[in-house]
Amino acid sequence: MSVAPGSGLISLINGFVDRAIGADGLSPHVRDKLLRQQLGSVTRMTPAMLVASVVVSAVFLILTWQTTRFWPILAAIGVILMIGLHGTYLAFVHPQDNTDAPPRRSVMRTIVYALLLGSLWGFVLSVLPMDQDPAIRGAATIGAGGLLCVSMMALVNYPQALAAFSIPLIIGALGTVLGLDTTPDVWVHGTLLMGFTFVMVIITLNHAAAFVAHRASETQLKEKREIIGLLLREFEQSTSDWIWGFDAEGAINRMSGGFTAATGVSEEALLGADFVHFLRCITPPGDPLMAHAERDVQGRQTFQDIELRVTADGKECWWSLTGKPAYDESGNYLGYIGTGSDITERKVAERRITILAHHDPMTGLLNRTKFTEQLNSCVARLERYGTPFSVMFLDLDQFKSVNDSRGHMAGDRLLTQVARRIQAMVRETDLVARLGGDEFAVILPNDCNVESVGGLAARMIEDIRRAYVIDDDQVNIGVSIGIAMAPMNGTRPDQILRNADLALYRAKADGRSVYRFFESQMDSEARERRLLEVELRDAIQNNELVLYYQPLVSADDGKPTGFEALVRWNHPIRGLVPPAEFIPIAEQSNLIVDIGDWTIVQACLAAVNWPDHLTVAVNLSAKHFRRSDISLVVKRALAVSGLAAPRLEIEITEGLLMENPEEVVEKLGEIRALGVTIAMDDFGTGYSSLSYLLKFPFDKIKIDRSFVDASSDDEVARDILKAIASLGKTLKLKITAEGVETREQAEFLSEIACHQLQGFYFARPLDHIDLPHYLLTHVLPRAPALKAEAEAKLTALAG
Ligand code: C2E
Ligand code: CA
Ligand code: CA
């Protein structure tokens, strides 16, 4: 024990007393503090003891005046009063409680003084002349009892000192009692003294034990509070978090500087305010998280990291709050204590990440992931409440050409502008997404009215078609739209998507820049297409593809100048399948390359057998052109067949020139350098046919048959035809008109100086049986020499 004042006996007593009063289990520094409090209580009572001593001394001195015991008693009392005075002086100079140094000297002094005082009083009692005077006897008994009483009160908190004082005193008193002359007196006084002592010991020990328990727990509590305060201060300094607390009534009673700073409200205004009410005022009404926090407080539950959106200090921010109910030792509810922090920055970053994760960074529209998610929730709403909705798929026409000719930056700017236009046309509740590349999608929740959705699609097509300005240049683009409606066109997300896609496919197949609603036969058509594709793979090997040849005649005299090779698929079950049905399917896969290669070679092989002045025209798909080294293909076909290059014509459409024009022009140049003729097919149907004419030196243009068709009863169509013819003259191009079906058309076209005509009026595409006959009747009568040669060839062929 740290307070043992030196000798072994004293430390033994100390140990014994500590055990008796329950102070033995305390930690050394708590025991230390307790000891100081014990000494302090002794010191505080010293003046009272002095006063009692003075009174008792005065009585004893008066009673023994003029007896032989007066002088020794006076001497003893003198020492007693001096010690008392010194103790009183010390009590005023050094109040014991708060000194930091270990109180060893005070302990020593207190014990020694108590022992001295007890011994001196014992001595005084023992020398009192009891048997001489009954007054003295009474005074001795009262004085001894009074002294014991006062000392008990003064020293009760420090039993060691009490023992040091009272034991010699009692011994002295006992000595006096035993010295009495009558036995009853001995018994009466002895019993009183012993009983009194016994009660004193019991009360003292009980009181001291209560004192120790009370003071020790107080000290421990205070220490705990100090440690907590220290930790809290440390916590506040080291983090940006702040502390709050409220009492059992819910009134704010604790807050750190961070809290007032975060709220923007002064400490005076906050203190005593209702915490929950305060939060309710700064959070949005009906906030479910706030309701959650309130429920927790009501149920006195701990809550952790509840994230609240608050308006504090005039700003919108986010707080994270953690709170815990507090109870005292007896389990009484004291309120809450908690921490909080401003998590606005994190929330803003999170929101930015969410936006990035859900949006297409370029256009700001929803991305595919978010689109799928939204579609799923529309389907869920449909299942639950039967709410219908529509899905639109948009695909830009000719976007690739803009991207390739003007660069990706320009392409991106165009997409951004298109996105803005789409967004501007829909309602706020509609969802616009960019699914990738030049594909967009719109979900129209609640809308599956054919008129209104169709009207929107039509407006979109018109609006997107308006010219864009990119890098000070005007750019034109179109859009095709496919529409599927739920629940009519499907009730599962994949079904709805597929059907919108099929409708889009149809819109594109129907000439682009149109919108199409999904129709149930599109589904079977799609299945049909897949089946055809599988069969088409075998068609080439099985020799099911055949070429028909349609004559091209001179506008001057109607005599054939050549043939256009037109492919057909001689399907074992379906019969003759027209190219419009299977070429697009072939173009979707790599089959178009095989078919194209085959066609060029076959056409050349056929033409070699014709009279030398006849040409052969071959249609070339843009997809085939792009996917193979086309000049090599042409060169090889010419070599294999032995056909003179000038007799071969390649027909391309402007679709080829729209994408990557530079590269296409270069490849076309290579073919043209071989001596092969290049013709632009379907002239006038595209967007900028004229501009393409200037990009590449074509040898020939074929005016689309729609103009020829319309020319019969449309003045404008006739004017266009005239203009194209004169343009041909200026550009030194050969002009061919296709689709000529009547004599009037033929006459008109030759009048306006078209060079070549083609159409059912002259001849339909001819198969391998009709072709020799045509040659015989239309070509050979002109040259008898040739005729003989041809007849020989034909016989050989027929054989
Ligand atoms: P195109 O190149 O414009 O071919 C002319 C089409 O018009 C042919 O249809 C022909 O039969 C038809 N036609 C000719 N004269 C008349 C007429 O007076 N009136 C009407 N209404 N039509 C007439 P076809 O053979 O069905 O070919 C359709 C399209 O398929 C062709 O249009 C061409 O773009 C493509 N195609 C045909 N053969 C091939 C080929 O071997 N390869 C590639 N890549 N495409 C081909
Ligand atoms: Ca053609
Ligand atoms: Ca054509």
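Residues numbered from 1 in each chain as written. Chains lettered and ligands numbered in written order. Predicted model: local features only at pLDDT ≥ 70, side-chain atom pairs only at ≥ 80, totals over all residues. Heavy atoms only, no water.

## Description of the overall build of the chain
- A tally of helices and strands in the chain yields 30 helices and 21 strands.
- Radius of gyration (C-alpha) of the chain: 58 Å, far over the 28 Å computed for a compact globule of 799 residues.
- Along the first, second and third principal axes, the C-alpha set of the chain runs to 190 × 50 × 50 Å.
- When the 799 residues of the chain are sorted by exposure, 47% land in the buried category.
- Considering only residue pairs separated by 6 or more positions, the chain has 64% of its internal contacts joining residues 24 or more positions apart.
- When the accessible surface of the chain is totalled, it reaches about 39500 Å², and 58% of it is carbon and sulfur.
- One way to put it: in the chain the 75 positive side-chain charges average out to a point 3 Å from where the 96 negative ones average out. (Helix = DSSP H or I, 4+ residues; strand = E, 2+ residues; numbered from the N terminus. Rg over C-alpha atoms; globule rule 2.2 N^0.38 Å. Buried < 20%, exposed > 50% of the residue type's maximum accessible area, 1.4 Å probe, protein only. Contact = heavy atoms within 4.5 Å. Areas by Shrake-Rupley, 256 points an atom, 1.4 Å probe, with all protein chains shown as cover. Lys, Arg positive; Asp, Glu negative; His and termini not counted. Charge placed at Lys NZ, Arg CZ, Asp CG, Glu CD.)

## Thoughts on the nonpolar core
- Formed by 83 residues in total, the largest nonpolar core has its most connected members in Y549, W610, L648 and L749.
- No other element matches the ten residues that helix α20 (residues 591-608) contributes to this core.
- Setting aside residues up to four positions removed in sequence, W610 forms contacts with Y549, F563, T615, V616, R647, L771 and L775.
- Of all hydrophobic cores here, the second largest spans 46 residues; its members include F60, V127, M130 and L169. (Core = buried A, V, L, I, M, F, W, Y, C linked by side-chain atoms within 4.5 Å.)

## Observations regarding the coordination of the calcium ion (ligand 3)
- Here the calcium ion (ligand 3) is held by the protein donor atoms D681 (OD), D682 (OD), E738 (OE) and E738 (OE), which lie 2.1 to 2.6 Å from it.
- Motif for the calcium ion (ligand 3), donor spacing along one chain: D-D-x55-E.
- Between the calcium ion (ligand 3) and the calcium ion (ligand 2), a separation of 4.1 Å is found, and both are coordinated by D681. (Donors = N, O, S within 2.8 Å, 3.2 Å for Na, K, Ca; no water.)

## Considerations on the domain arrangement of the chain
- With domains assigned, the chain is organised as domain 1 (8-224), domain 2 (242-349), domain 3 (359-518) and domain 4 (542-798).
- Of note, the centres of domain 1 and domain 2, computed from C-alpha atoms alone, are 57 Å apart. (Domains from an automatic or database assignment.)

## Details of the site of ligand 1
- Near ligand 1 there are 19 residues, and of these R568, D681, R705, E741 and F760 occur at the shortest range.
- Contact distances for ligand 1 include 3.0 Å between a nitrogen atom and a side-chain N or O atom of Q550.
- Between an oxygen atom of ligand 1 and a main-chain N or O atom of F760, the distance comes to 2.8 Å.
- Expressed as a share of its isolated accessible area of 790 Å², the protein-covered part of ligand 1 is 81%.
- Among the elements of the structure, β14 (560-571) and β18 (677-683) are those that each provide at least two residues to the shell around ligand 1.
- Among the elements that take part in the shell around ligand 1, β14 stands out by supplying four residues, more than any other.
- Of the residues contributing to the shell around ligand 1, the split by class is six nonpolar, six polar and seven charged. (Near = heavy atom within 4 Å. Polar contact = N/O pair within 3.5 Å; in protein donor to acceptor, adjacent residues only side chain to side chain. Nonpolar A, V, L, I, M, F, W, Y, C, P; charged D, E, K, R; others polar.)

## What about the pairing of strand β6 (residues 389-397)?
- Burial runs high along β6: nine of the nine residues are buried.
- Of the two faces of β6, both are covered, the one formed by F389, V391, F393, D395 and D397 as well as the one formed by S390, M392, L394 and L396.
- Here nine bridges tie β6 to strand β11 (residues 478-486), and the two strands are oriented antiparallel to one another. Within the sheet, the bridge partner assigned to D397 lies in β11 and is G478. (Pairing = 2+ DSSP bridges.)

## Let's talk about helix α29 (residues 770-779)
- Residues of α29 that are buried: L771, Y774, L775 and V779. Axial view of α29: buried residues confined to an arc of 100°, hence all on one face.
- Residues of α29 that are buried make contact with β13 (545-554) and β14. (Arc of directions from axis to C-beta.)

## Here we look at the coordination of the calcium ion (ligand 2)
- Around the calcium ion (ligand 2), the protein contributes the donor atoms E564 (OE), N619 (OD1), E651 (OE) and D681 (OD), which lie 2.2 to 2.3 Å from the metal centre.
- Site description for the calcium ion (ligand 2): donor spacing in sequence, E-x54-N-x31-E-x29-D.
- For N619, a relative accessible area of 31% puts it in the partly exposed group.
- With relative accessibility at 1%, the residue E651 sits in the buried group.

## A word on helix α13 (residues 368-385)
- Between its first and last C-alpha, α13 extends 25 Å over 18 residues, near the 26 Å set by a 1.5 Å rise per residue.
- Residues of α13 that are buried include every one of K370, F371, L375, C378, V379 and L382, and no others.
- On its buried face, α13 is in contact with α12 (344-358), β6, β7 (431-436), β8 (439-445), β11 and α17 (493-509).
- Just downstream of α13, G386 is the residue with a positive phi angle, here 70°. (Expected span 1.5 Å × (residues − 1).)

## Focus: the packing of helix α15 (residues 408-425) against helix α16 (residues 450-465)
- The contact between α15 and α16 brings their axes to 10 Å, and the two run at 150°. You can see that α15 and α16 cross each other, and the crossing is right-handed. Between α15 and α16, the residues in contact are V418, R421, I422 and M425 and L456, R459, M460, D463 and I464, respectively.
- Taken together, the residues of the contact of α15 with α16 break down into six nonpolar, no polar and three charged. (Axes fitted to C-alpha atoms, helices over the stretch in contact; angles between N-to-C directions. Left-handed = near helix turned anticlockwise from the far one by under 90°.)

## A short note on the side chain of K700
- Mapped onto the fold, K700 is located in strand β19 (residues 700-703).
- Judged by relative accessible area, K700 falls into the buried class, the value being 0%.
- Among all residues touching K700, those that are not within four sequence positions of it are E649, I678, A679, M680, L733, K734, T736 and Q756.

## Considerations on the sheet that holds strand β3 (residues 303-312)
- The sheet built from five strands is open, its strands ordered β2-β1-β5-β4-β3 with antiparallel pairing. The sheet terminates laterally at β2 (252-255) and β3, the two strands that pair on one side only. Here the average twist between neighbouring strands, direction ignored, is 30°.
- Contacting β1 (242-246), β3 and β5 (333-342), helix α11 (residues 288-298) crosses the sheet at an angle of about 130° to β3.
- Across the sheet, α12 touches β3, β4 (315-327) and β5, and the angle it forms with β4 is around 125°.

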